[in-house]
Amino acid sequence: MPDTETARLWFARARHAVVLTGSGVSAESSIPTFRDVKGDAGGDPDDDTTMQALWAEFDPQTLATPEAFDADPEMVTRWYDWRRLKCLGAQPNPGHLALAELQRRAIADGRRFTLLTQNVDGLHQRAGSTGVVELHGSIMQWRGVRTGVSADPPPGPFDTYPPTLPTGEPIRPSVVWFGEMLPERAIAAAFEALASCDLFVSVGTSAVVHPAAGFIHQARDAGARTIEINPDSTPISNITDLRLVGRSGEILPRLV
Ligand code: BV8
């Protein structure tokens, strides 16, 4: 039986499917991924070239840190605002839409479906997925660096960098930077789902960022079958039960 047919059956029969997504799921919405960005920022020609250069020149792992923000809050908030507007201008792709449909079918059958995402772009929610666990926060939410008071960003660019609350307090994106703890609620929801799942599917992630990179082991400990969907191989490729090699925007719709 072709692998996609097997995967389709596993989804249809899963009592509780947990799907973990990474930036690869948004690549076909032309949002650059983290680790295959060199040279290709997935940008459109009208993009701000300095931002693309910034994205291509710096390793996101050095920019997505409290240290980078403390050293240069203007540059880091410019980068995040550029990404935020890029995400707002992006559309969910067939991969996002297929995951939302798979969840709808599971719920209609009285089965559980948990979507854990490392992405901060909000595209899963815009595609119709519900109860999305944003492990690394959201680029659409910002907050005061000292008080944590939340700030709603404007529909267009901020007018100053770093942007501030009306009180003058600088604000930062409510994403999880390297070296920062993941939100308590997100981690608790992920661990509960992983402990009770019978199917774990890793889609579009290089499986190197922890703690998400370790989730497959927790799922296997719970007795779950595992699937990886990715055009490239990753450190978990050889431990998954099934590997569907290819782009999520092509493979996921075949599972619906
Ligand atoms: C923490 C938000 C407690 C910001 C991000 C244990 C061992 C080793 C290291 C650590 C560890 N525990 C903690 C660490 C340190 C660190 C870490 O994991 N470092 C790694 C890099 C070694 N982890 C942390 O700091 C985490 N905090 O654990 O707190 C603690 C603290 C300190 C010390 C110990 C413990 C916080 C991690 C969260 C960081 N924030 N993002 C922002 O967005 O700017 S991470 C960032 O990477 C994004 O969230 C991204 O999603 C995530 C993972 O990357 P991917 O999504 O996988 O994207 P990537 O580009 O890598 O891969 C894309 C994949 O898609 C590729 O495989 C590609 O082939 C594929 N693809 C491409 N096109 C497609 C496709 N797939 C399908 N279809 C396509 N079309």
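Here goes a summary of the coordinates provided. (Residues numbered from 1 in each chain as written. Predicted model: local features only at pLDDT ≥ 70, side-chain atom pairs only at ≥ 80, totals over all residues. Heavy atoms only, no water.)

Moving on to the sheet that holds strand E6 (residues 171–175). Whenever strands of a sheet pair, they do so through backbone hydrogen bonds, lying parallel or antiparallel. Judged by pairing direction, the sheet is antiparallel, and its three strands sit side by side in the order E5-E4-E6 without closing on themselves. The two strands at the open ends of the sheet, each matched to only one other strand, are strand E5 (150–151) and E6. Inspection of the sheet shows strand E4 (residues 137–144) paired to E6 by five bridges, in the antiparallel sense. Across the sheet, the residue bridging to Ser-138 is Ser-174, located in E6. Strand contacts of helix H6 (residues 73–89): E4 and E6, with the helix running at about 135° to E4, the strand carrying the most contacts. (Pairing = 2+ DSSP bridges. Helix = DSSP H or I, 4+ residues; strand = E, 2+ residues; numbered from the N terminus. Contact = heavy atoms within 4.5 Å. Axes fitted to C-alpha atoms, helices over the stretch in contact; angles between N-to-C directions.)

The end-to-end C-alpha distance of helix H9 (residues 184–195), which contains 12 residues, comes to 17 Å, matching closely the 16 Å that a straight helix rising 1.5 Å per residue would cover. Residues of H9 that are buried include every one of Ala-186, Ile-187, Ala-190, Ala-193 and Leu-194, and no others. Taken down its axis, H9 places every buried residue within 135° of arc, on the same side. Within H9, the exposed residues directed more than 90 degrees away from the buried face are Glu-184, Arg-185 and Ala-195. (Expected span 1.5 Å × (residues − 1). Buried < 20%, exposed > 50% of the residue type's maximum accessible area, 1.4 Å probe, protein only. Arc of directions from axis to C-beta.)

Burial along strand E9 (residues 242–245) is one-sided: Leu-242 and Leu-244 are buried, and none of Arg-243 and Val-245, which face the opposite way, are. Where strand E8 (residues 225–230) meets E9, four bridges bridge the pair, whose relative direction is parallel. By the bridge assignment for E9, Ile-229 is matched with Leu-244.

So, about H6. If you check H6, its first and last C-alpha atoms are 24 Å apart, about what 17 residues at 1.5 Å a residue would give, namely 24 Å. All buried positions along H6 are accounted for by Met-75, Val-76, Thr-77, Trp-79, Tyr-80, Asp-81, Trp-82, Arg-83, Arg-84, Lys-86 and Cys-87.

A word on the sheet that holds strand E3 (residues 133–134). On the basis of which strands lie adjacent, the open sheet formed by six strands has the order E3-E2-E1-E7-E8-E9 and parallel pairing. Each end of this open sheet is capped by a strand with a single partner; those strands are E3 and E9. Of the pairings in the sheet, the one linking strand E2 (residues 112–117) to E3 comprises two bridges and is parallel in character. If you follow Leu-116 over to E3, its bridge partner there is Val-133. Its contacts with the sheet place helix H7 (residues 94–108) against strand E1 (16–21) and E2, and it is angled at close to 155° to E2.

Attention now goes to the pattern of salt bridges. Applying the stated criterion across every chain, the model contains 11 salt bridges. Note that Glu-250 and Arg-247 form a salt bridge whose closest N and O atoms lie 3.1 Å from each other. Look at Glu-250 and you get partly exposed, because its relative accessible area is 41%. Several salt bridges share partner residues, and in doing so they unite Glu-28, Arg-247 and Glu-250 into one network. (Salt bridge = Lys/Arg side-chain N within 4 Å of Asp/Glu carboxyl O.)

What follows is about the packing of H7 against helix H11 (residues 248–255). At a minimum axis distance of 7 Å, the contact between H7 and H11 shows a crossing angle of 25°. As far as their axial angle goes, H11 and H7 are roughly parallel. The hand of the H7/H11 crossing is left-handed. The residues of H11 that touch H7, namely those facing Pro-94, Gly-95, Ala-98, Leu-99 and Leu-102, are Ser-248, Gly-249, Leu-252, Pro-253 and Leu-255. Its residues assigned to classes, the contact of H7 with H11 shows seven nonpolar, three polar and no charged. (Parallel < 35°, antiparallel > 145°, perpendicular 65-115°, else oblique. Left-handed = near helix turned anticlockwise from the far one by under 90°. Nonpolar A, V, L, I, M, F, W, Y, C, P; charged D, E, K, R; others polar.)

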